[in-house]
Each structure stands twice: as structure tokens, then as C-alpha cells.
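Each chain is listed here by its residues.
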Amino acid sequence: MTVSNENSDEPLGDDGERLLESSAIGDPWAIDKIEAGLIDVPLEFIFADHHRQRQAALMLNMIAAGGFEERGVRNLIRFLKEDFARHIADEELGFFPLLRERCLPEDKIDPLIARLVDEHKDDESCGDAVIALLEKRLAGHEISNSARGQISAFAEHILQHLAVENAVLLPIARVRMDAASLKALSTMLKERRTARK
Ligand SMILES: [Fe+2]
Ligand SMILES: [Fe+2]
């Protein structure tokens, strides 16, 4: 899928999703990079970003359970501040509007997208609080049991959100989005990454 180098040629499942989770075999405190060429296959790119979010959620759960690795926590904070926020923009400003244009009434896409956007708002508000807790932990402070609960609840929120997007949203997109809408999405993904340099 995404990975720096270890699972970039893992097999695809029936629905086009890659089968192996690199976090199961790699460093549990690392978040993979996305293969450069995957941006030309934008739905696979979004799926690969979900894989990275799953890795981040697993790290949050390790921290909630008392684990700590300085480099990993620093990377996690950067991921949440930059990559995770950018993914939400990718979806709300690119993927969701393009998908909505291509869907049919029977897809009932509007309530699904409305739910996902609401969940993004929760991600943003909970995420800021969790980042503050991670920075506190990084500064050498212990974190309370209630803070640990807050961190694991955020991880669970991330996991359930990406599960819905992988299991419901991406399969609809694979059927409905045509070559032109996929190209437009790919262009938007590239522009958002060029603009920040
Ligand atoms: Fe999302
Ligand atoms: Fe997503």
C-alpha cells in the first residue's frame, strides 16, 4: 500500500484494497509514507491515507495503555496536526463534492456525507485536546486516567470513521466516479500538496 518500502507490492483484495497491514510487521511507532505514484490513483491514495490513520490510532492506544517512545510521539503529533488535517480537507473540498456529483439518488449519499462531515468536526475538536495531552506527555508529565480514556476514545473515533469510509464510501466511489472525476480528484490532491511547499 503505502509503505516506505515494505509492502508496496502487496496483493490487492477483490475490492482493490491491499491486504496486508504493514503496522503488523513493522515498527509500531512509525507511520508509513504513501507511495508517490499512488496519487494518480486517487481512491487508492485515500485508502492508503486511511491505513496511516489506523497506524496513528494504534499508537494512540499504545500511549493510552502507558506506552511511550519519544520519536514516535513526535511523529504522531506532526501527523495529527498536518497530515490528518489535510486528509479532512482532501475529503471535504475534493472527494465528497466530486462523488456527490456522480452519485444517483438511490446511493443516498447526502446523509452519509453529512454524517462524515459531522465526525470530522468531532475529530478536529477532540484532536486538539489530544494533541495537547501528547505534548504534555512529551514534556515528561504523566497523564491521568481520564486523559488516557480521552486518548483511547479519540483512537476509537478515528477507527470507526475510517471503517465506514472504507466499507461504504469508497466502494460507492469505485462504482460511480468516472475517469474525469478521478482525474479531477487526483489534481486536487496534488494541488493541496504543492501549495504547502
Ligand atoms: Fe473522513
Ligand atoms: Fe477519510
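Here's what I pulled together on the structure shown here. Model, not experiment: these values are computed from the prediction. (Residues numbered from 1 in each chain as written. Chains lettered and ligands numbered in written order. Predicted model: local features only at pLDDT ≥ 70, side-chain atom pairs only at ≥ 80, totals over all residues.)

## Considerations on the overall build of the chain
Selection rule: Segments assigned H or I by DSSP are reported as helices when at least four residues long, segments assigned E as strands when at least two residues long, and all are numbered from the N terminus. To sort residues by exposure, count the other C-beta atoms lying within 10 Å of each residue's C-beta; 20 or more gives buried, 12 or fewer gives exposed, and values between give partly exposed, all with C-beta atoms placed from the backbone. Note that contacts rest on C-beta atoms placed from the backbone: two residues are in contact if these are within 7 Å.
The secondary structure content of the chain amounts to five helices and zero strands. Mapped in sequence order, the helices and strands of the chain form the string α-α-α-α-α. When the 197 residues of the chain are sorted by exposure, 31% land in the buried category. The contacts of the chain with a sequence gap of at least 6 include a subset with a gap of at least 24, amounting to 74%.

## Points about helix α3 (residues 109-138)
Given 3.6 residues to a turn, an α-helix orients residues that are three or four positions apart in the same direction. To keep things clear, this is the line we draw: Multiplying one less than the number of residues by 1.5 Å gives the expected span of a helix. Fitting axes to the seven residues that end at a residue and to the seven that start at it, the angle between those axes gives the bend at that residue.
Under the 1.5 Å per step criterion, the end-to-end length of α3 is 41 Å for 30 residues, consistent within 8% with the ideal 44 Å. Of all the bends in α3, the largest measures some 25 degrees and sits at G127. Listed as buried for α3 are I109, D123, V130, L133 and L134. In this fold, the buried residues of α3 make contact with α2 (70-102) and α4 (145-176). One or two residues past the end of α3 sits G140, with phi positive at roughly 100 degrees.

## Some points on the nonpolar core
What tends to happen in soluble globular proteins is that the nonpolar side chains get buried as a cluster. Heads up, the rule is: By definition, a nonpolar core groups buried Ala, Val, Leu, Ile, Met, Phe, Trp, Tyr and Cys residues that connect through C-beta atoms lying within 7 Å of each other.
Judged by nonpolar contacts, the single largest core of 22 residues is most densely connected at A56, M59, L60, I63, I151 and A155. Secondary-structure elements contributing two or more residues to this core are α1 (42-64), α2, α3 and α4. Broken down by element, this core gets its largest block of residues, seven residues, from α1. Counting residues in hydrophobic clusters, the runner-up holds 17 residues, among them L38, L43, F96 and L99.

## Description of the packing of α2 against α3
Selection rule: The angle between two axes is taken between their N-to-C directions and runs from 0 to 180 degrees, where each axis is a line fitted to C-alpha atoms and a helix contributes only its stretch in contact. Working rule for angles: under 35 degrees goes down as roughly parallel, over 145 as roughly antiparallel, 65 to 115 as roughly perpendicular, anything else as oblique. By definition, turning the near helix anticlockwise from the far helix through less than a right angle yields a left-handed crossing, and turning it clockwise yields a right-handed one. The residue classification treats Ala, Val, Leu, Ile, Met, Phe, Trp, Tyr, Cys and Pro as nonpolar and Asp, Glu, Lys and Arg as charged. All others, Gly included, are polar.
At a minimum axis distance of 11 Å, the contact between α2 and α3 shows a crossing angle of 165 degrees. One finds that α2 runs roughly antiparallel with respect to α3. Judged by the sense of rotation from one axis to the other, the crossing of α2 with α3 is left-handed. Looking at the contact of α2 with α3 residue by residue, the class counts come to 14 nonpolar, two polar and eight charged.

## What to know about the environment of A65
Within the fold, A65 resides in the loop between α1 and α2. Measuring from C-alpha to C-alpha, the distance between A65 and N145 comes to 9.6 Å, with 80 residues separating the pair along the chain.

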